[in-house]
Structure formats: structure tokens, C-alpha cells
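Okay, here's what each chain looks like letter by letter:
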Amino acid sequence: QIITLGKRGTKSAYKRAQAFVLKPAVLPKLFGTFSKRYAKRPGGYTRIHRIDNRTGDNAPMALLELVDNPRDFKFEMTARAVGRDLLTEQLRRNAPRTVLNSGVGATESITKEVKLGARDKGELRPSTRINLQKVVKYRASSALKEIGKRASTWIETLLAICLQQKRAQIATNASADAKNKAKTSNYVEKFPKATIRSGAAVPGDVRSAVRLAKGAIARPHRP
């Protein structure tokens, strides 16, 4: 309601907002920045995100924010979801190294996805496309470039993590192979060392199970 008064920009609206707002320094921002930002938006200026419970007493917590703000949480998460979906689509046809060298045209794909419907087939999942259309609906045209830039950054981050894990796994395997080659092993060491008991067969034993069950394994074999 206060933002709606700021959008009106009249003297009476200023007085009503002045009577409600406790900090007078906020009024210029209300009738300036906020009125321009939400000029086309009919309502719904706030958004609530449920986040992880608080450490200690495990109390539920939530994040309250103004939509379309410079640090919009949903805008950032949507950009990451877009980047993940575009990368998944590219990795179905190309190797990670090829995708990293050629890049992913995130801005071009986002421009196409915004025009599609919820049931149309595209590179993004339907839920991701709906969230994308919501976050850019009342923003300027530059929002498509901004979300494309953030999606590309997240794609590079995911590829870097993937390649780094692969290199680490290769190094670990090489180190393990080197240790195995340096270690002298024989046929016996490959089997677990356990005490031979009555009824238990050791590798290579050809005696019958009935004889083993009678305790023949503990008796010396006499011809």
C-alpha cells in the first residue's frame, strides 16, 4: 500500500506516506526509486522465500524481499536453473570439454523460451520457463541480457566443477595404481586372513561338504 502511494506521486499521497513511515529519509526513495521500478506492476511488491531452519533451536526461517530489486533472490535462482537446464541439454549431444570451448548461447535461448507456452517443447523444463517468464515480465528489456549473463556464469561454474572432479578422480586412480604396483603381493594376500574352522572351506579345497561338516578339515589327511 505504501508503494502504491509512492506510485501516485501526489501531495496527498506524500502526506499519507509521511504519516506512516517512521524514517523521513525513506520518502525520497519511495517516491523516486520504487515508483519508477514498479510503475508497470499492478501489485505484489513483496515475496517470501522459505529457507533452512535456524541452527541451534531449529526454528523455521523465511526471507522477505521486494521483487525486482537489484539483489533479487528469485532472479538469481532462476538464472541458475536456466543455466543448469541449458547445460543439461547441451551435454546430451556434446562432451563437457566441447561445451566449455564452444560455449552456450544462453541469451539467445532465453529470448526464445520467453515466447513459448508452458506446454511447448523447448530447452528448458516447464517449471523453469514459467519462473523465467515471471521474473522478467515487469522488468526492462535488459533483464534478458542480465539473466543470460548470470546463466552463462553458472554454466561455466558447473563445467569447472565437473572437470575439476574428473581430474581429481584421475589423479586418485593413478596414485592408487602406483601404490598397487609398488606393493609386492602374492596369491594368498588377495584373500582375507581368517582362522580355519570346522566346516569352512579354503580356496582351492576339493573335499566334499559332508566331510568338512564332520570336521575333516581339522584332521590330517592320511592315505
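In what follows, the structure referred to is the one given above.
Residues numbered from 1 in each chain as written. Predicted model: local features only at pLDDT ≥ 70, side-chain atom pairs only at ≥ 80, totals over all residues. Heavy atoms only, no water.

Colleague: Looking at this model, I keep getting lost on the overall build of the chain. Mind explaining?
Modeller: For the chain, the count of helices and strands is nine helices and two strands. Moving toward the C terminus, one meets the helices and strands of the chain in the order α-α-α-β-β-α-α-α-α-α-α. Counting across all 223 residues of the chain, residues that qualify as buried make up 26%. In the chain, once contacts between residues fewer than 6 apart in sequence are set aside, the share between residues at least 24 apart is 49%. (Helix = DSSP H or I, 4+ residues; strand = E, 2+ residues; numbered from the N terminus. Buried < 20%, exposed > 50% of the residue type's maximum accessible area, 1.4 Å probe, protein only. Contact = heavy atoms within 4.5 Å.)

Colleague: Explain the pattern of salt bridges to me, please; I cannot follow it from the model alone.
Modeller: For side chains of opposite charge, pairing can occur when their charged atoms come near one another. Scanning the entire structure with this criterion turns up 14 salt bridges. Notably, a salt bridge pairs Arg54 with Asp57, separated by 2.7 Å at the nearest N-O pair. Taking the relative accessible area as the measure of exposure, Arg54 reaches 41% and is therefore partly exposed. Here Glu89 and Arg93 are joined by a salt bridge, their closest N and O atoms 3.5 Å apart. (Salt bridge = Lys/Arg side-chain N within 4 Å of Asp/Glu carboxyl O.)

Colleague: Could you clarify how one ought to interpret helix H7 (residues 126–136) in this entry?
Modeller: Those residues of H7 that fall on the buried side of the exposure criterion are Thr128, Arg129, Leu132, Val135 and Val136. Each buried residue of H7 lies within a common arc of 135 degrees when the element is viewed along its axis, so the set occupies one face. (Arc of directions from axis to C-beta.)

Colleague: Hey, could you run me through a nonpolar patch on the surface in this one?
Modeller: Residues Ile51, Met61, Leu63, Phe73 and Met77 make up a contiguous nonpolar surface patch of about 370 Å² in total accessible area. Elements that contribute at least two residues to the nonpolar patch include exactly strand S2 (61–66) and helix H4 (73–91). Note that Phe73 resides in helix H4. Relative accessible area serves as the criterion here: at 34%, Phe73 is assigned to the partly exposed category. (Patch = residues over 30% accessible without salt bridge, like charges linked within 9 Å, V, L, I, M, F, W, Y side chains within 5 Å. Areas by Shrake-Rupley, 256 points an atom, 1.4 Å probe, with all protein chains shown as cover.)

Colleague: Could you clarify how one ought to interpret the packing of aromatic side chains in this entry?
Modeller: Aromatic ring pairs are reported here in terms of the distance separating the ring centres and the angle at which the planes meet. As enumerated under the stated definition, the model contains three aromatic pairs in all. Ring centres of Tyr14 and Phe31 lie 5.1 Å apart, and the angle between their planes is 50 degrees; this geometry places the pair in the tilted category. A residue pair is termed long-range when its members are at least 10 positions apart, and Tyr14 in helix H2 (residues 11–20) and Phe31 in helix H3 (residues 27–37) qualify at 17 residues. Where Phe34 meets Tyr38, the ring centres are 6.3 Å apart and the plane angle is 50 degrees; that geometry is what we call tilted. Accessibility classification places Phe34 together with Tyr38 in one group, the buried group. Taken together, the ring pairs in this structure connect Phe34, Tyr38 and Tyr45 into an aromatic cluster. It is Arg80 that lies over the ring of Trp154; its NZ or CZ is 4.3 Å from the centre. Over the ring of Phe75 we find Arg139, and its NZ or CZ is 4.3 Å from the ring centre. (Phe/Tyr/Trp six-rings, centres within 6.5 Å; stacked < 30°, edge-to-face > 60°. Lys NZ or Arg CZ within 6 Å of the ring centre and 35° of its normal.)

Colleague: Looking at this model, I keep getting lost on unusual backbone geometry. Mind explaining?
Modeller: In this structure, Asn58 takes a positive phi of about 60 degrees despite not being glycine. For Asn58, the position within the fold is in the loop between strand S1 (46–51) and S2. Phi angles above zero are rare outside glycine, and Asp68 is one such case at about 60 degrees. Along the chain, Asp68 falls in the loop between S2 and H4.

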